[in-house]
Amino acid sequence: MIPVITIDGPSGSGKGTISQLVAECLGWNLLDSGAIYRVLGLAAERAGISAEQAAELTKLARELNLNFHAGKVLLDNEDISHLIRTEAAGNAASKVAVVPQVRAALLDWQRAYAKAPGLVADGRDMGTVVFPDAKIKIFLTASAEERALRRYKQLKEKGLNANLLSLVSEIQERDDRDQNRSVAPLKAPAAALNIESTSLSIDEVLELVLDRVQKIYPKLDISAPK
Ligand code: DC
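Fair warning: this is a prediction, and the values are worked out from it, not measured in the lab.

**Some words on the pairing of strand E1 (residues 4–8)**
Turning to step 1, where the next piece is worked out: Within E1, five of the five residues are buried, leaving the element largely enclosed by the surrounding structure.
Turning to step 2, where the next piece is worked out: Of the two faces of E1, both are covered, the one formed by Val4, Thr6 and Asp8 as well as the one formed by Ile5 and Ile7.
Turning to step 3, where the next piece is worked out: Pairing of E1 with strand E6 (residues 119–123) involves five bridges; the strand directions are parallel. Across the sheet, the residue bridging to Asp8 is Gly123, located in E6.

As structure tokens, this is what we get:
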């Protein structure tokens, strides 16, 4: 059995950053499942397929030529790492992710990431559906206002235009869609460690997660983040 740590939560909760740091500290593999849905959203847009066309979308998901390589996301060998990080790409991802057949088509693909020495899996349904047997499950949240503020700062740092109020309403809309879809909705897995990070720093969240890891796997070598 390959050890798996699942880190689920709403968009902007910091789970991407935390998952990356935890994977680094342990020397484990990392699955950014949101990136898969983001790439599918982009591929669908390019192919002119809407979220309502379930059969076409499922075919696209099965045939997706997606690779993660050296920190880059490649679609048909084109580096699309930056294209999938926009708010629009996140919304497109959330729409294609509603389709049950699409989610089913991506299950084995995601599970194949569980390779030695271990996997940190970041997403919405990692602990509930994709890796239900994971020994460590984290559910990371923060208020919608705080998450919008974090996103606002990120965008400003990149010199991009941002409007805080519209970010709050986009985040709420995405939460609503992710939490209320019929298959694999965003929710805390049973027995998850729930971390409410509104007033916590990244280091504080990381420490809580690594404490849990140390308790469950006492023999594991945990190095400091780079
Ligand atoms: O984590 P993220 O913001 O990159 O995810 C983008 C969207 O993809 C998210 O709004 C919903 C969907 N998603 C999902 O349905 N299941 C996952 N395991 C990961 C992401």
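**Focus: the nonpolar core**
Turning to step 1, where the next piece is worked out: Of all hydrophobic cores here, the largest spans 32 residues; its most connected members are Val39, Val102 and Phe131.
Turning to step 2, where the next piece is worked out: Within the residue set of this core, elements represented by two or more residues are helix H2 (33–47), helix H3 (54–63), strand E4 (72–75), helix H4 (87–96), helix H5 (100–111), E6 and helix H6 (126–130).
Turning to step 3, where the next piece is worked out: Per element, the largest residue contribution to this core is eight residues, and it comes from H2.
Turning to step 4, where the next piece is worked out: With residues up to four places along the chain from it excluded, the contact list for Phe131 reads Val4, Thr6, Leu31, Gln110, Arg111, Ala114, Leu119, Ala121, Met126 and Lys137.

**Section: the site of the ligand**
Turning to step 1, where the next piece is worked out: As a matter of local geometry, the ligand sits amid 16 residues, with Arg38, Arg103, Arg174, Asp178 and Arg181 nearest to it.
Turning to step 2, where the next piece is worked out: In this structure, Arg103 approaches the ligand through a side-chain N or O atom, which is 2.8 Å from an oxygen atom.
Turning to step 3, where the next piece is worked out: Residue Asp125 places a side-chain N or O atom 2.8 Å away from a nitrogen atom belonging to the ligand.
Turning to step 4, where the next piece is worked out: For the ligand, the protein covers 96% of the area, taking 440 Å² as the surface of the free molecule.
Turning to step 5, where the next piece is worked out: Elements supplying a minimum of two residues to the shell around the ligand: H2, H4 and helix H8 (164–180).

**Section: the sheet that holds E4**
Turning to step 1, where the next piece is worked out: Taken in spatial order, the three strands make up an open sheet running E3-E4-E5, and their pairing is antiparallel. Two strands lie at the open edges of the sheet, namely strand E3 (66–69) and strand E5 (78–79), each paired on one side alone.
Turning to step 2, where the next piece is worked out: Bridge count for E4 against E5 is two bridges, and the pairing is antiparallel. Directly across from Leu74, in E5, lies its bridge partner Asp79.

Each value, and the rule that gives it
- Residues numbered from 1 in each chain as written.
- Predicted model: local features only at pLDDT ≥ 70, side-chain atom pairs only at ≥ 80, totals over all residues.
- Heavy atoms only, no water.
- Buried < 20%, exposed > 50% of the residue type's maximum accessible area, 1.4 Å probe, protein only.
- Helix = DSSP H or I, 4+ residues; strand = E, 2+ residues; numbered from the N terminus.
- Pairing = 2+ DSSP bridges.
- Core = buried A, V, L, I, M, F, W, Y, C linked by side-chain atoms within 4.5 Å.
- Contact = heavy atoms within 4.5 Å.
- Near = heavy atom within 4 Å.
- Polar contact = N/O pair within 3.5 Å; in protein donor to acceptor, adjacent residues only side chain to side chain.
- Areas by Shrake-Rupley, 256 points an atom, 1.4 Å probe, with all protein chains shown as cover.

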